[in-house]
Amino acid sequence: MPGSGKKKISVSIKRISTIYNHPMNTSYDEILIFIRQTFKEPEGFIPLHAPYFGGNEKKYVLDTIESTFVSSVGAYVNRFEEMMQQITGAKFAIATTNGTIALHLALLVAGVKPGDAVITQPLTFAATANAIAHAGATPVFVDVDKDTMGLSPLALKDWLKENVEIKQGAGFIKSTGQRIAACVPMHTFGFPLRIVEVVAVCNEYHIPVVEDAAESLGSFAGDTHTGNFGLLGTFSFNGNKTVTSGGGGAIITNDEKLGKLAKHLSTTAKVQHAFEFKHDMLGYNYRMPNLNAALACAQLEQLEEFVNNKRELADIYAAFFNNRNETFVKERPGSAANYWLNTILFPDHETQQEFLVYSNEKKVMTRPAWQLMNKLPMYRDCLAGDISNAEWLEARLVNIPSSYRKSSN
Ligand SMILES: Cc1ncc(COP(=O)(O)O)c(C=O)c1O
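Residues numbered from 1 in each chain as written. Predicted model: local features only at pLDDT ≥ 70, side-chain atom pairs only at ≥ 80, totals over all residues. Heavy atoms only, no water.

(A) Layout of the site of the ligand. Surveying the vicinity of the ligand reveals 15 residues, the closest of which are Gly99, Thr100, Asp212, Glu215 and Lys241. Here an oxygen atom of the ligand and a backbone polar atom of Gly99 are 2.8 Å apart. Within the side chain of Lys241, one N or O atom sits 2.9 Å away from an oxygen atom of the ligand. Notes on the ligand: free accessible area 380 Å², of which the protein chains cover 93%. When residues of the shell around the ligand are traced back to their parent elements, those giving at least two are α6 (99-109) and α7 (126-134). (Near = heavy atom within 4 Å. Polar contact = N/O pair within 3.5 Å; in protein donor to acceptor, adjacent residues only side chain to side chain. Areas by Shrake-Rupley, 256 points an atom, 1.4 Å probe, with all protein chains shown as cover. Helix = DSSP H or I, 4+ residues; strand = E, 2+ residues; numbered from the N terminus.)

Structure, rendered in structure tokens:
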């Protein structure tokens, strides 16, 4: 509701304008002044995304200290998993110590083995490619769609058609002979990608899908929460996300066997027994501590309010950018984004760079997209398709302040 957002803005333009040396009518100042009005912050630093603790956070965290159950056994870890099942609609949720590890474990459970190849997108956070490498596999980079900024089903189809042959029920890369063990699409900044189409293409090549939904808690494609379309989905609860546990992650799945295996491996593969210590597999110490889960539970109780608040902010931004040179990125019709990080696209690389320098100098935090994965030293030699959309976005994209606004209530 852009109208109602404007009404609530109380900080005067004149007051804000006094902190700028440049003429009031410059294009970048208009954006910065609008952001300051929207966050009711006339001159102080405006972060990109700050956590908001407005509920039972202190009470629940204190509970864990008083109960002495601060480590990976405790009522809050179990409650966190139940809440994640309810929120996402998945049959199983497994709490982990962070989102990178959630992805690593999900890939192992999906059957990724050393020497395999795993397809992902070049426009993502390093953790996506790192988790693939931690599993001993090699990432392959396939382009994103310009509108969703997530893996493109068309680019995927084209790349597979040209590079992959199916043998004995699996897809193999013709040039390297590697099996494609998984595909990891990522819902960039909380915008649901064309996940139904991606899964359909992967099914043709017998490739299991593991969704990196780290940024998309509270985002839906159709009526289905992100993370439910593939074999497994993973989330992050880092301090910069919509909901935080300090550090934390989660895996969701609708496959009972995989859910149980993920839980077992995350808890050192210890066999349940009243007092004996027996481990029947090579396990991991990946379970989220109760202390962190307490914070997460209090935050999850506010998820709906957080997402509504962020969607309202997105409406306010959308109205502002409507008649400007920059394009405000909107959710794809038929999907509902959590608008974790609001995103604008500048007409070219030069204006993007100018604005990044200018806004950060003026204490309004903005940031570009991550450097594309295929340009990082450790992934430079990996296979990549035509990634011109990712390059186009990398050159133009800027994230602008997107925190929960207390004052909007
Ligand atoms: C796309 C993506 N994947 C994975 C991660 C890893 O999550 P974490 O930082 O909790 O390890 C993050 C966030 O940090 C992310 O943005």
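That shown, we press on.
(B) Region of the structure containing the packing of helix α4 (residues 57-67) against helix α11 (residues 290-300). Orientation of α4 relative to α11, taken along the N-to-C sense of each, is 155 degrees, at an axis distance of 8 Å. It follows from the interaxial angle that α4 and α11 lie roughly antiparallel. As for the relative orientation of α4 and α11, their crossing is right-handed in sense. Side by side, α4 and α11 meet where Glu57, Tyr60, Val61, Thr64 and Ile65 of the first sit next to Asn290, Leu291, Ala294, Leu295, Cys297, Ala298 and Gln299 of the second. Per-class residue counts for the contact of α4 with α11 are eight nonpolar, three polar and one charged. (Axes fitted to C-alpha atoms, helices over the stretch in contact; angles between N-to-C directions. Parallel < 35°, antiparallel > 145°, perpendicular 65-115°, else oblique. Left-handed = near helix turned anticlockwise from the far one by under 90°. Contact = heavy atoms within 4.5 Å. Nonpolar A, V, L, I, M, F, W, Y, C, P; charged D, E, K, R; others polar.)

(C) Representation of the sheet that holds strand β10 (residues 232-236) in the model. Here we have four strands laid out as an open sheet, ordered β1-β11-β10-β7, and mixed in their pairing. Both outer strands of the open sheet, β1 (92-96) and β7 (210-212), are each paired with one neighbouring strand and no more. Taking the axes of each pair of neighbouring strands and ignoring which way they run, one obtains an average angle of 20 degrees across the sheet. Here β7 runs beside β10; their pairing, made up of three bridges, is parallel. The residue of β10 that forms the bridge with Glu211 is Gly233. Relative to β1, helix α5 (residues 75-88) is tilted by about 135 degrees, and along the sheet it contacts β1, β10 and β11 (249-253). (Pairing = 2+ DSSP bridges.)

(D) Just helix α9 (residues 195-204), in detail. Within the sequence span of α9, burial applies to Ile195, Val198, Val199, Val201 and Cys202. Taken down its axis, α9 places every buried residue within 160 degrees of arc, on the same side. Contacts made by the buried residues of α9 are with α8 (153-163), β6 (180-184), β7 and β8 (220-221). (Buried < 20%, exposed > 50% of the residue type's maximum accessible area, 1.4 Å probe, protein only. Arc of directions from axis to C-beta.)

(E) Broad picture of the packing of aromatic side chains. Within the structure shown, the criterion is met by 20 aromatic pairs. On the basis of an interplanar angle of 70 degrees and a centroid distance of 6.2 Å, the ring pair of Tyr52 and Phe306 is categorised as edge-to-face. Taken as a pair, Tyr52 in the loop between α3 (27-38) and α4 and Phe306 in helix α12 (residues 303-321) lie far apart in primary sequence, 254 residues in all. Residue class for Tyr52 comes out partly exposed when judged on its relative accessible area of 23%. With a centroid separation of 5.2 Å and an interplanar angle of 35 degrees, the aromatic rings of Tyr60 and Tyr76 are classed as tilted. Placement of Tyr60 in helix α4 and of Tyr76 in helix α5 is noted, with a sequence separation of 16 residues between them. With relative accessibility at 8%, the residue Tyr60 sits in the buried group. Three or more aromatic residues joined by ring pairs form one cluster here, namely Phe34, Phe191, Tyr317, Phe320, Phe321, Phe328 and Tyr339. Positioned above the aromatic ring of Tyr60, the side-chain terminus of Arg79 is 5.1 Å from the ring centre. (Phe/Tyr/Trp six-rings, centres within 6.5 Å; stacked < 30°, edge-to-face > 60°. Lys NZ or Arg CZ within 6 Å of the ring centre and 35° of its normal.)

(F) Highlighting the sheet that holds strand β13 (residues 335-336). One open sheet holds the three strands; their spatial order is β9-β8-β13, and the pairing between them is antiparallel. The sheet terminates laterally at β9 (224-225) and β13, the two strands that pair on one side only. Here two bridges tie β8 to β13, and the two strands are oriented antiparallel to one another. Directly across from Ala221, in β13, lies its bridge partner Ser335.

(G) Region of the structure containing the nonpolar core. If you look at the biggest cluster of nonpolar residues, it comprises 43 residues, and the most contacted ones within it are Leu123, Tyr317 and Phe355. If you list the elements that add at least two residues to this core, you get α3, α12, β14 (342-345), α13 (349-361), α14 (388-396) and β16 (397-400). Of all the elements, α12 adds the most residues to this core, at seven residues. Discounting residues that sit within four places of it in the chain, Leu123 has contacts with Val144, Met149, Met186, Thr188, Ala369, Trp370, Leu372, Ala390 and Leu393. Counting 27 residues, the second largest nonpolar core, distinct from the first, contains Val77, Val243, Ala296 and Phe306. (Core = buried A, V, L, I, M, F, W, Y, C linked by side-chain atoms within 4.5 Å.)

(H) How the structure looks around the pairing of β11. Burial of β11 is extensive: five of the five residues sit out of reach of the surface. Here β11 shows a buried face lined by Gly249, Ile251 and Thr253 and a second buried face lined by Ala250 and Ile252. As paired strands, β1 and β11 are joined by five bridges and run antiparallel to one another. Along β11, the bridge assignment pairs Phe92 with Thr253. Note: β10 against β11, five bridges, orientation antiparallel. Each residue of the ladder has a partner; that of Leu232, found in β11, is Thr253.

(I) Focus on α5. Here α5 contains 14 residues, and its C-alpha end-to-end distance of 20 Å stays within 8% of the 20 Å for a straight helix at 1.5 Å per residue. Here α5 has its buried residues at Tyr76, Val77, Phe80, Glu81, Met83, Met84 and Thr88. The buried residues of α5 occupy one face: seen down the axis, they fall within an arc of 165 degrees. Across α5 from its buried face, at more than 90 degrees, point the exposed residues Ala75 and Gln86. (Expected span 1.5 Å × (residues − 1).)

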